[in-house]
Number of protein chains: 2
Amino acid sequence: MRAMLKPLIGHRGPEFKELFNKLLGKTKKVFETNGDMFILTSSGTGATEAALQNITDDGDKIIVNVNGFFSERLGEAIKAYGGKPVVLGSEWGKAPRVEDFEKIVKANPDAKALAVVYNETSTGVTVRALERLGEMCADRDMLLIVDAISILGGDKLPVDDWNVDICVTASQKCLMTPPGLAFISVSDKAWMKIQSKKVNRSYYLDLLMYQKYIQDGYTPFTPAVSLLYALNEACDMILEEGLPARYERHKICAEAVYNGMEAMGLGLYADKESRSHTVAAVNSPMGMDEGKVRELIRTKYGIDFGGSLGKAKGKMFRVGIMGNVGSADIMTTVSAIGSATSELGFKAKIDEGLEAARETLSRLPER
Amino acid sequence: MRAMLKPLIGHRGPEFKELFNKLLGKTKKVFETNGDMFILTSSGTGATEAALQNITDDGDKIIVNVNGFFSERLGEAIKAYGGKPVVLGSEWGKAPRVEDFEKIVKANPDAKALAVVYNETSTGVTVRALERLGEMCADRDMLLIVDAISILGGDKLPVDDWNVDICVTASQKCLMTPPGLAFISVSDKAWMKIQSKKVNRSYYLDLLMYQKYIQDGYTPFTPAVSLLYALNEACDMILEEGLPARYERHKICAEAVYNGMEAMGLGLYADKESRSHTVAAVNSPMGMDEGKVRELIRTKYGIDFGGSLGKAKGKMFRVGIMGNVGSADIMTTVSAIGSATSELGFKAKIDEGLEAARETLSRLPER
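All values derive from a computational prediction rather than experimental measurement.

### Description of the overall build of chain A
Now for step 1: Secondary structure assignment for chain A yields twelve helices and eleven strands.
Now for step 2: Against the 2.2 N^0.38 benchmark of 21 Å for 367 residues, chain A shows a C-alpha radius of gyration of 21 Å, consistent with a compact globule.
Now for step 3: By principal-axis analysis of the C-alpha atoms, chain A measures approximately 60 × 55 × 30 Å.
Now for step 4: Evaluated residue by residue, chain A yields a buried proportion of 57% over its 367 residues.
Now for step 5: Taking contacts inside chain A between residues at least 6 apart in sequence as the whole, the part at least 24 apart equals 70%.

### A short note on unusual backbone geometry
Residues and elements named next belong to chain A.
Now for step 1: Positive phi is not limited to glycine here, since Glu-32 has a value of about 50 degrees.
Now for step 2: Tracing the backbone shows Glu-32 in the loop between α1 (14–31) and β1 (36–41).
Now for step 3: At Met-286, a residue that is not glycine, the phi angle is positive and equals roughly 50 degrees.
Now for step 4: Looking at the element boundaries, Met-286 is found in the loop between β10 (279–283) and α10 (290–301).
Now for step 5: With 10 C-beta atoms counted inside 10 Å, the residue Met-286 sits in the exposed group.

### Considerations on the packing of helix α9 (residues 243–264) of chain A against helix α12 (residues 350–361) of chain A
Residues and elements named next belong to chain A.
Now for step 1: Packing of α9 against α12 brings their axes to within 7 Å, and their N-to-C directions diverge by 160 degrees. Relative to α12, the element α9 lies roughly antiparallel. α9 and α12 meet at a crossing whose hand is right-handed. Taken together, the residues of α12 that come into contact with α9 (itself represented by Ile-252, Glu-255, Ala-256, Asn-259, Gly-260, Met-261, Ala-263 and Met-264) are Ile-350, Glu-352, Gly-353, Leu-354, Glu-355, Ala-356, Ala-357, Thr-360 and Leu-361.
Now for step 2: Its residues assigned to classes, the contact of α9 with α12 comprises ten nonpolar, four polar and three charged.

### Examining the pairing of strand β4 (residues 113–117) of chain A
All names here are of chain A.
Now for step 1: Among the five residues of β4, five are classified as buried, and the element is accordingly described as predominantly covered.
Now for step 2: Neither face of β4 is open: one carries Ala-113, Ala-115 and Val-117, the other Leu-114 and Val-116, and all of them are buried.
Now for step 3: The pairing of strand β2 (residues 61–66) with β4 spans three bridges and is parallel. When the bridges of β4 are listed, Ile-63 appears paired with Leu-114.

### A word on the relation of the copies chain B and chain A
Now for step 1: Between chain B and chain A, which share one sequence, the superposing operator has a rotation angle of 180 degrees and an axial displacement of 0.0 Å; the RMSD is 0.0 Å. The two molecules are tied by a two-fold rotation axis, judged by turn and shift. When C-alpha distances to the rotation axis are compared across chain B, the minimum falls at B:Ser42, with a value of 2.6 Å.
Now for step 2: Of the residues that chain B buries at the interface, 97% are likewise interface residues in chain A, meaning the two copies contact each other through the same surface.

### Topic: the sheet that holds strand β1 (residues 36–41) of chain B
Residue and element names in this part refer to chain B.
Now for step 1: Strand order in this open sheet of seven strands is β1-β9-β8-β7-β4-β2-β3, and the pairing throughout is mixed. Both outer strands of the open sheet, β1 and β3 (84–89), are each paired with one neighbouring strand and no more. Averaged over all pairs of adjacent strands, the angle between their axes in this sheet comes to 20 degrees, without regard to strand direction.
Now for step 2: Both strand β2 (residues 61–66) and β3 contribute to a ladder of six bridges, which runs parallel. Paired with Ile-62 across the strands is Pro-85, a residue of β3.
Now for step 3: Across the sheet, helix α4 (residues 98–107) lies against β2, β3 and β4 (113–117), angled at about 150 degrees from β3, the strand it touches most.

### Regarding the interface of chain B and chain A
Now for step 1: Between chain B and chain A, the contact holds 37 residues from the first and 36 residues from the second.
Now for step 2: Contributions of two or more residues to the side of chain B that touches chain A are made by α2 (44–53), α3 (69–80) and α8 (225–241) of chain B.
Now for step 3: Here the residues of the side of chain B that touches chain A are counted per class, giving 17 nonpolar, 15 polar and five charged.

### What about helix α5 (residues 130–138) of chain A?
Now for step 1: Listed in full, the buried residues belonging to α5(A) are A:Leu130, A:Leu133, A:Gly134 and A:Cys137. Along the axis of α5(A), the buried residues cluster in a sector spanning 105 degrees; they form a single face.

Thresholds applied
Residues numbered from 1 in each chain as written. Chains lettered and ligands numbered in written order. Predicted model: local features only at pLDDT ≥ 70, side-chain atom pairs only at ≥ 80, totals over all residues. Helix = DSSP H or I, 4+ residues; strand = E, 2+ residues; numbered from the N terminus. Rg over C-alpha atoms; globule rule 2.2 N^0.38 Å. Buried ≥ 20, exposed ≤ 12 C-beta atoms within 10 Å, placed from the backbone. Contact = placed C-beta atoms within 7 Å. Axes fitted to C-alpha atoms, helices over the stretch in contact; angles between N-to-C directions. Parallel < 35°, antiparallel > 145°, perpendicular 65-115°, else oblique. Left-handed = near helix turned anticlockwise from the far one by under 90°. Nonpolar A, V, L, I, M, F, W, Y, C, P; charged D, E, K, R; others polar. Pairing = 2+ DSSP bridges. Least-squares fit on C-alpha atoms with pLDDT ≥ 70 in both. Arc of directions from axis to C-beta.

Below, the structure written as structure tokens:
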């Protein structure tokens, strides 16, 4: 935030060019890609739109996994761009199995892309098969598009190694920058599809235009300069810690929440093998209204949880484990959940919960 | 900028709702509208895209004035959304006359909208006939869409009184907020067209979705919260000064630049009757490369001017007169232009220039 206090600079001058070039280099390191990188002024949805809109001609088939609110949105969005979503549904709280992906990919060899929500934020589910899906697409004339909005920078996602053709994320999640920026990486294979697209329906999200301007070091449209200052600082923090250490820290923190909740007697929304390391979905105990739990925790403990969305409405709340989280945040959070649910009538085993969390967190290296 | 240091808040919680509701009220006051107002996370182009994309079906005619780089862009953009731009061209540096607008409107009664770039930033030209164009459209089944990106808040634009159906602006110009936010007002007449549109090609810029979410006080996609904090502060500053005083101040400051330049012996790019009060386009003297002038002024005097774009490339530079500008800024600017062009070999009459600017600025009320 303090980085945003630097005086604004013109976005067509040499200072901007230097800053932007540095930022592209740093974000590519975080994405682990040598492909092209674009930074948009938009929310994550804007970048998802850029990803899909730039490859989709009318009637194009796009396979998409749907197992929560955001992946459902993605399916809807594909229709808006003229595409035909081929939906691989799975129960909310679960990720589709590799075999299910394989089956649908084989059954739809003409699909232009497989679009995967890597981390379904609304249910706390990560598609752990992603690397395998990359191999699947690499063997075919099919792009792998990954919505990594709530996970990139918090869990493993080597974009090039895993054959991700277009990867999308946003500033305000694991990149710990204020909201307003979105990111999109583009592989050579993806450029082929973008270039051969017949009609382009957007101007603001036209990747060919971004590509043209970036050759001179600029963005086609006025960028959110203050947020770029913040991003620069955040990238430095991320790269200083190092990606593997960062992923491990997120994993341990998430497991501390999961273990703490279970020891306390609370249920978890997501399947054990698919549980996200960046967002934990916790069931509201005894049919307790999750809104009440969150409101109590927000006002009395100063912690803001995500609510439940769509089909999961009222049933659970979501704990964000993104960015600069550590022991203190997790212990405070676990303790607050214990106290608040107790106050609302649930017999939470607070001692056990805190002990389980503490024990898990002891695996964190000293910082 | 200091307002952006407030801790970030969740965009689905009560604090956000309160902030956002206040902001909608304040921005409506600045737009002088009782219509609907949306704040997007995008550059101004994003909001222009929202304005056009939400009303345009394939083959729809949109009349557009083209007299500079940004209005040219607008014409191109209309094609991207499937529309058919009907271009009212005029020389760069001039605005089309009311009669020209009247003629083209009468010749194209089936056009869905008249899109006007109120202030062509690339040439420093304002379409002074805007009020009259509003009357023209009000009498017809034709929308008036106004790109007011580089002018709203710096010159008169009472959206409702002037029958503007969709008005678009961005944060970083006369609203003196860092870049990254864009604004769009929508009249009842415009909603009719939006609702009757057959196909919607965007998701991120779908105004019906924004309308749905705003009923609960929220945005459909993650907003740039830090920038909203800054906007809140900026709106307070704007409304404290008062719109008429603000417009008068911009006008006097612009005239001081124009008078100063002319007295100094420099030419102006725009026609006298169309000269903008928010951006002054100054001809580079004696065929001098404008890039050199700007570079010298940037590095030696710390003032950053806009370059020339498109057809005007190399011929002039542009002085922004937006936001919190006053006497000190203008005098420094006029003086820097005099010194820099002298250093580059032009015999600028610096004394006369400064005196003309000073005299014009004496009309500014004490602040």
